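The chain contents come next:
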Amino acid sequence: MKSLSITGLILLAVSALLFYLTTDFAVEQIKISHIMGIMAGVGIGLIIGGMVGYVSKGSAIKAEQKKKEFKQLQKEKEELEKQAADIAKRQAELEAQNKNPQI
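Parameters and conventions
Residues numbered from 1 in each chain as written. Predicted model: local features only at pLDDT ≥ 70, side-chain atom pairs only at ≥ 80, totals over all residues. Heavy atoms only, no water. 1 Å grid on protein atoms, 1.4 Å probe; cavity = no way out; pocket = protein on both sides within 12 Å on 5 of 7 lines; lining within 4 Å. Points joined across faces, edges and corners; volume = space filled by probe spheres on them. Helix = DSSP H or I, 4+ residues; strand = E, 2+ residues; numbered from the N terminus. Nonpolar A, V, L, I, M, F, W, Y, C, P; charged D, E, K, R; others polar. UniProt positions renumbered as here; feature names shortened; annotations may be inferred. Patch = residues over 30% accessible without salt bridge, like charges linked within 9 Å, V, L, I, M, F, W, Y side chains within 5 Å. Areas by Shrake-Rupley, 256 points an atom, 1.4 Å probe, with all protein chains shown as cover. Salt bridge = Lys/Arg side-chain N within 4 Å of Asp/Glu carboxyl O. Buried < 20%, exposed > 50% of the residue type's maximum accessible area, 1.4 Å probe, protein only.

Chemist: Which residues make up the layout of surface pockets, and what values do they have?
Modeler: When its volume is computed, the largest pocket comes out at roughly 740 Å³. For the largest pocket, the lining is made up of 21 residues, of which Leu 11, Leu 12, Ser 15, Gly 41 and Val 42 are closest to its centre. For the lining of the largest pocket, the element with the most residues is helix α2 (residues 32-99), which contributes 12 residues. Considered class by class, the residues forming the lining of the largest pocket number 11 nonpolar, 10 polar and no charged.

If you want it as structure tokens, here you go:
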């Protein structure tokens, strides 16, 4: 996004320079072609900005979804480890009872 902003500022400076060279910033010399150029520039900028925003938001959503899935997998792993520890503990208790039967 930063490089896109810098590119936009450079293009804006170039357009201001071209406008100055063709009209000397005199209001009387502004023609319909200048207005059409301004409107076309704004339209192209909005289209490009919309595409870049759409792509940026899409990648941000995908990254967030991956983070959520990773956290969910970590929680499931911890739960499985706890269950495995409980099962191992119960088996050890059962083996201890089987070795030392109290009658």
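Chemist: Residues and numbers for the UniProt feature "coiled-coil region" (unreviewed entry) in the protein chain, please.
Modeler: Following the UniProt record, one finds the feature "coiled-coil region" (unreviewed entry) at residues 60-100. Here residues 60-100 runs as 98% helix and 0% strand, with 60 Å between its end C-alpha atoms.

Chemist: Run through the UniProt feature "transmembrane region" (unreviewed entry) in the protein chain, naming residues and quoting values.
Modeler: In this numbering, the UniProt entry assigns the feature "transmembrane region" (unreviewed entry) to residues 36-56. The straight-line gap between the two end C-alpha atoms of residues 36-56 is 30 Å; of that span, 100% is helix and 0% is strand.

Chemist: Give a detailed account of a nonpolar patch on the surface, specifying residues and quantitative values.
Modeler: Together, Ile 6, Ile 10, Val 14, Leu 17, Leu 18, Tyr 20, Leu 21 and Phe 25 give the surface a local cluster of nonpolar side chains, amounting to about 810 Å² of exposed area. Counting through the fold element by element, Tyr 20 comes out in helix α1 (residues 2-23). Accessibility expressed as a relative area gives 41% for Tyr 20, which makes it partly exposed.

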